[in-house]
Every structure is written in structure tokens, then in C-alpha cells.
Amino acid sequence: MKKVSLVIPMYYEEEVANECYNRLVQVLGTIKDKYEYEIVFVNDGSKDKTLSILEEIAGKDKNVKVISFSRNFGHQAAVTCGLRYTTGDAVVIMDADLQDPPELIPDMLKYWEEGNEVIYGKRKSRDGESFFKLFTAKTFYQVLNGLSEVEIPKDTGDFRLVDRKVVDVVNNLPEHNKFLRGLFSWVGFNQYAYEYERKERFAGETKYPLKKMLKLASDGIINFSSKPLKFIGKLGILCFIVSFCLFVYKIVALCMQVQTVAPGWASIMIAMTFLTGVILMSLYLIGEYISRIFDNIKGRPEFIVKSTINV
Ligand code: UDP
Ligand code: MG
């Protein structure tokens, strides 16, 4: 029998933990003749009753694994950890707050059985999210896609069903500060955009304050783009152009023996813009080396083989 694993990070989720488990078991019960299940809860350093509730659940249900962090390491770290503890043939990543309805899992499994390897949830609508959240999310995905070298689907969070093969690839990526939704897109394989209505949080408040959102956004941009670095180079070139124009202006003024704006002004401006150009280009050069070091440190493979014949 095939096995489905679920990875659920929890940070101060005492209000939703029980409901989350009950809803999952209900849904998984409807497909129990076809799939075994395993739920991996990761307690990301919550100091409320989350852990004791999870311990109680795990005491009753042997299909539940609980991993508890020594402190709060963040949502992406919690999911990364959870993925390593999964053993299923298909792995579903979802939030604890039931914004991503567990009832969709059987349907997503159908797409998986059809040969899709990453079925990512694409939000058709987002109930109960503030204007601020919607606006910042939209702007972020526009900026990210403008900058990124791989296409990262917009309106997509971490809710997805992933084949074991893909989970193994992601588990073997040594990079830190993972931006999982970017990586799941970067790995390739057969991807399927599964449209769904994102619900309101079942209870409690968002655990993603602006500070954490900014950290996630910067991980997304810096891990997937070297364009900010290239921008320094462009700025440097602009300085050289300005410097050159001023130089021509100065020469022409000298030849025609006309006085420039103020004595010495053009010379100082030429020196200033030229030197700024030199500094920016040097920074760009250093940055290019650093970006290569960064690429190597991230340790992403240069390619991922999906299948071979006669080897
Ligand atoms: N979460 C986590 N660690 C954190 C922040 C959030 O494990 O530092 C979990 C949280 O418990 C939830 C999921 O990540 O299961 C998504 O968080 P939340 O629903 O608060 O984010 P939002 O839906 O508001 O973006
Ligand atoms: Mg949520």
C-alpha cells in the first residue's frame, strides 16, 4: 500500500492543533483502503500548550511523529526538518491553521497518480487576509519574478503535494535559509498548478509578522537572483558615462575658451563621477566573485537527472 506523509509546522498553535489533527484523520480515513498515512508535526519552539497537545495525539496514534525544536527556527526550517523525517511515497506540506483545506488531499493524490510530481496549491482567492498582506504578497511576487532566474509561480505558498523523488532531491540540498517554494519550482519535474480557495485561519493570529515576511522575501530574492549585484555594475557604467560627458564638455569649453559654470567645477565633477564609477565597478567585480562562492556554498547540483535509459 502506498503511503502519504504530511508535514505540518506549528508555532504557538494550541488553538488549532487538535482541530487540525481531527480534520486530517477524518480525510485520511476516507482513503484508508488505498493509502497508509503518517503525520509529521514539527513544533517550532512554541512555549504554549502546542507540544503537550501533540504529545497526547502521538500517544494515541502511532502514525503521528512529533519533532520539537529547541527554539523558534522559523517556518521554512520547520518544514525542511519535517521533510527529512517523512517516509511516504507522496508528501503533503501544509499549514496547521487549516487555511489550506485537508479535504483537498484526496483530489491532489489523483493528480499525483496521473504522474505529476509536484502539485502546488495556487490560491484562487484568499479569504480573510488583510489588504496589506495581499498587497505586499503581490508586490513581492512581481519583484521576485522580475529578478529571479527561475520562474516562481505567484499566489503560491508552501501548500503542495510532492513525490518522494522530489523530496529526496530537496532533502539533499545542503543550502541554508531555504526558500522552499522557490526550490520546489527550481528542481523541475512534472509540476501541476492546483487551484484552490484559501480559507480563513481556523483560530488564532498569523505567526508571520512583517519581520518574518521580510526575511522570507529576502531569502527568496537573494537565493534566486544575482540581478541586484548586476545593478551595481550598471550604476558604475552610468557614472562612467556621466564622467565622459563632463569630460567632453570640459574639453569643448577649453577649446572654445568659454568659462564653465564655475572655475574648477567640471574638473571636480569629472574626478568624482569617474572615481565613483571605479569604486562601483570594483564592488561589482568583488560581488561577482562572491556570487560564485555563494553558488558553490549553496551546493545545489548543476543538474538533476530524472531518468536514464540503458545505463
Ligand atoms: N510557523 C512556524 N514557525 C514560525 C512561524 C509560523 O512553524 O516561526 C507555522 C505556523 O504555525 C503555521 C505555518 O507556519 O502552521 C504558517 O504560518 P501562519 O499561518 O501564521 O502564516 P500565514 O498563513 O499568516 O502566512
Ligand atoms: Mg496561515
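See the structure shown above.
What counts, and at which threshold
Every chain begins its residue count from 1, and numbering advances along the sequence as written. All chains are assigned letters beginning with A, and all ligands numbers beginning with 1, in the order in which they are written. Predicted model: local features are reported for residues with pLDDT of at least 70 only, side-chain atom pairs are reported and counted for 80 or more only, and whole-chain, interface and lining totals are derived from all residues. With hydrogens and water excluded, all non-hydrogen atoms of the structure serve as input to the side-chain values. Any nitrogen, oxygen or sulfur atom within 2.8 Å of a metal ion counts as a donor, with the limit raised to 3.2 Å for Na, K and Ca, and since water is left out, coordination shells can look unfinished. In this scheme, a residue with accessible area under 20% of its type's maximum is buried, one over 50% is exposed, and one in between is partly exposed, where area comes from a 1.4 Å probe on protein chains only. Going along the chain from the N terminus, every DSSP run of H or I of four or more residues is numbered as a helix, and every run of E of two or more is numbered as a strand. Only strands joined by at least two bridges in the DSSP assignment are considered to pair. Nearness is judged by heavy atoms alone; a residue qualifies as near a molecule or strand once a single heavy atom is within 4 Å of it. A 3.5 Å cut-off defines polar contacts: any pair of N or O atoms within that distance qualifies, except that in protein one atom must be a possible hydrogen donor and the other a possible acceptor, and neighbouring residues in sequence count only when both atoms are side-chain atoms. All accessible areas in this document rest on Shrake-Rupley with a 1.4 Å probe, and a residue is counted as covered only by the protein chains that are shown. Classification used: nonpolar for Ala, Val, Leu, Ile, Met, Phe, Trp, Tyr, Cys and Pro, charged for Asp, Glu, Lys and Arg, polar for all others including Gly.

Draft legend 1. Seen up close, the coordination of the magnesium ion (ligand 2). The coordination sphere of the magnesium ion (ligand 2), as far as protein atoms go, consists of D97 (OD) and Q99 (OE1), spread over 1.8 to 1.9 Å. On the basis of relative accessible area, D97 is assigned to the buried category, the value being 3%. On the basis of relative accessibility, which here comes to 9%, the residue Q99 falls in the buried class.

Draft legend 2. Spotlight on the environment of G115. Looking at the secondary structure, you find G115 in the loop between α4 (105-113) and β5 (118-126). In sequence terms G115 and W186 are 71 residues apart; their C-alpha atoms lie 18 Å from each other.

Draft legend 3. Spatial organisation of the pairing of β5. Pairing geometry for β5 and strand β6 (residues 156-163), over four bridges, is antiparallel. Looking at β6, one finds that I119 is bridged to L161.

Draft legend 4. Main features of the site of ligand 1. Within the structure, ligand 1 sits among 19 residues, and E13, D44, D97, T206 and K207 are positioned closest to it. Between ligand 1 and Q99 there is a distance of 2.6 Å, counted from an oxygen atom to a side-chain nitrogen or oxygen. Relative to its unbound accessible area of 530 Å², ligand 1 is 95% covered by the protein chains. The residue inventory of the shell around ligand 1, partitioned by class, reads five nonpolar, five polar and nine charged.

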